[in-house]
Amino acid sequence: MTVDELEWFVVLAETEHMTQAATQLNISQPTLSRGLARLERQVGAPLFDRVNRRLRLNVYGRVLLEHTRRSLGELDAAGERIRSLRDPEHGSVRLAFLHSVATWLAPELIRGFRIEAPGVQFSLTQAASYELLAHVREGQADIAITGPRPDVEDLGWHPLHREQLCLVVPRDHPAASLDQVDLAAAANEPFIVLGREFGLRQLTEDLFAHAGIAPDIAFESAEIATMEGLVAAGLGVAVVPTPRLDRAEPNAVYIPLTDAAAHRELGLVWHEEVARSPLTERFMGFVFSDRWRRAPAS
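These lines cover the structure that appears in this document, whether it is placed above or below. (Residues numbered from 1 in each chain as written. Predicted model: local features only at pLDDT ≥ 70, side-chain atom pairs only at ≥ 80, totals over all residues. Heavy atoms only, no water.)

Observations concerning the overall build of the protein
When helices and strands are counted, the protein shows 9 helices and 11 strands. Seen through its C-alpha atoms, the protein measures out along the principal axes to roughly 65 × 55 × 35 Å. The buried share among the 298 residues of the protein stands at 47%. In the protein, the proportion of contacts linking residues at least 24 apart, taken out of those at least 6 apart, comes to 73%. In the structure as shown, the protein presents an accessible area of about 15100 Å², 50% of it carried by carbon and sulfur atoms. (Helix = DSSP H or I, 4+ residues; strand = E, 2+ residues; numbered from the N terminus. Buried < 20%, exposed > 50% of the residue type's maximum accessible area, 1.4 Å probe, protein only. Contact = heavy atoms within 4.5 Å. Areas by Shrake-Rupley, 256 points an atom, 1.4 Å probe, with all protein chains shown as cover.)

Describing helix α7 (residues 199-211)
In this model α7 runs 19 Å from its N-terminal to its C-terminal C-alpha over 13 residues, within 8% of the 18 Å that 1.5 Å per residue would give. Among all positions of α7, only Gly199, Leu200, Arg201, Leu203, Thr204, Leu207 and Phe208 are buried. Positive phi appears at Gly212, one or two residues downstream of α7, with a value of about 70°. (Expected span 1.5 Å × (residues − 1).)

Focus: the nonpolar core
Ranked by size, the top nonpolar core spans 36 residues in total, and within it Val101, Leu105, Ile145 and Phe283 carry the most contacts. Those elements that place two or more of their residues in this core are β3 (91-98), α5 (105-116), β4 (120-127), α6 (129-137), β5 (143-146), β6 (155-170), β11 (263-271) and α9 (278-288). Every residue in contact with Phe283, bar those within four places of it in the chain, is listed here: Val93, Leu109, Phe113, Phe122 and Ile143. Counting residues in each nonpolar core, the second largest holds 34 residues, with Ala176, Val231, Ala238 and Ala252 among its members. (Core = buried A, V, L, I, M, F, W, Y, C linked by side-chain atoms within 4.5 Å.)

Looking at the pattern of salt bridges
Tallied over the entire structure, the rule returns 14 salt bridges. For the salt bridge of Arg291 with Glu116, the shortest nitrogen-to-oxygen distance reads 2.7 Å. Residue Arg291 is found in the segment after α9, and its partner Glu116 is found in helix α5; the two are separated by 175 residues along the sequence. Exposure remark for Arg291: the relative accessible area of 31% places this residue in the partly exposed category. The shortest N-O distance in the salt bridge between Arg201 and Glu220 comes to 3.1 Å. Separated by 19 residues along the polypeptide, Arg201 in helix α7 and Glu220 in strand β8 (residues 216-221) bring together distant segments of the chain. Among the residues examined, Arg201 registers a relative accessible area of 2% and is labelled buried. (Salt bridge = Lys/Arg side-chain N within 4 Å of Asp/Glu carboxyl O.)

Observations regarding the packing of aromatic side chains
For the structure shown, the criterion picks out 8 aromatic pairs. Relative to Phe122, the ring of Phe113 lies with its centre 6.2 Å away and its plane at 85°, an arrangement referred to as edge-to-face. On the basis of relative accessibility, which here comes to 0%, the residue Phe113 falls in the buried class. Ring geometry for Phe113 against Phe283: centres 5.1 Å apart, planes inclined by 75°, an arrangement best described as edge-to-face. Of this pair, Phe113 sits in helix α5 while Phe283 is found in helix α9, placing the two residues 170 residues apart along the sequence. There is no split in this pair, since Phe113 and Phe283 are both buried. Among the aromatic residues, those joined into a cluster by ring pairs are Phe113, Phe122, Phe283 and Phe286. (Phe/Tyr/Trp six-rings, centres within 6.5 Å; stacked < 30°, edge-to-face > 60°.)

Remarks on unusual backbone geometry
A cis amide bond links Gly147 with the next residue in sequence, Pro148, at an omega value of 0°. By the secondary structure assignment, Pro148 is in the loop between β5 and β6. The phi angle at Glu16 is positive, at roughly 50°, despite the residue not being glycine. The residue Asp290 is not glycine, and still its phi comes out positive at about 65°.

Description of the pairing of strand β1 (residues 48-51)
In terms of strand pairing, β1 meets strand β2 (residues 54-57) through 4 bridges, oriented antiparallel. Its bridge partner lying in β2, Arg50 is registered against Leu55. Between the end of β1 and the start of β2, which pair antiparallel, lie 2 residues, with Asn52 showing a positive phi angle near 50°. (Pairing = 2+ DSSP bridges.)

A look at helix α3 (residues 29-43)
Three or four residues apart is the spacing at which side chains of an α-helix point the same way, because the helix has 3.6 residues per turn. In this model α3 runs 21 Å from its N-terminal to its C-terminal C-alpha over 15 residues, within 8% of the 21 Å that 1.5 Å per residue would give. Residues Leu32, Gly35, Leu36, Leu39 and Glu40 constitute the buried set of α3. Buried residues of α3, viewed axially, fall in a sector of 135°; they line one side. Remark: Gly44 follows α3 within two positions and exhibits a positive phi of approximately 75°. (Arc of directions from axis to C-beta.)

A word on the pairing of β3
Counting buried positions over the 8 residues of β3 gives 8, a clear majority of the element. Judged from the 8 bridges that link them, β3 and β4 form a sheet pairing that is parallel. Looking at the pairing, Ala96 lines up with Thr125 of β4.

Okay, here's the thing in structure tokens:
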């Protein structure tokens, strides 16, 4: 099997549509179909179920997709290591990060490193915490900024920042004038939360348990900004990290929680068992040394 065929397979697995995948890859549909047939012969199993003339990735395909993504990531990393060795002042670092750090922490790290290495490029990906861990483990990202700390043995961790968690309420809420609040005081409020797959949701669930709350979940969202907007509209309250001034919802009030565990730790994660390029190692060393905190303001 060739690298091209493996790349074709990934696109086909993501689209599950022969015509769409061929268009995206800029190849003919018969060429893609023959490539898939060769791949299935080589692995000795069908990779898709054909249902009403549509493709559905099956259990064999999911296994191959997992390993193919990791293998292609390793090839990309090998090429990047070679480029870094040939020219250590240039090259690219594949950095993934949470949406909630896209306007401050990620840009600060990148800006600080580019002062020392102006020729370095970054390939950036924003995603939820569970997606970031998959990107790192499958070789789609070299490193990621996420939180809380993942409980996974094959991922390394370096703490970067601790965020205070707040109860966010509408401006006309009775608690809006408080300087701080215990989560138990909101036991009877409707809550707006992230989906269960998100790291912040797990932290919130732990806080509910410690406070003895069986929360009334009014809405589930996929973004913190949407949660804050729903709170501002008077549809409930939420637990979120203390926002930066440029990100705060103007029609909501953020009240620091007094609960001992009311914080979210952000950090850098990487795959312990995957070799990293010299350039990625250089960037990680820059982050670990805290030189990014001392970089001059722009």
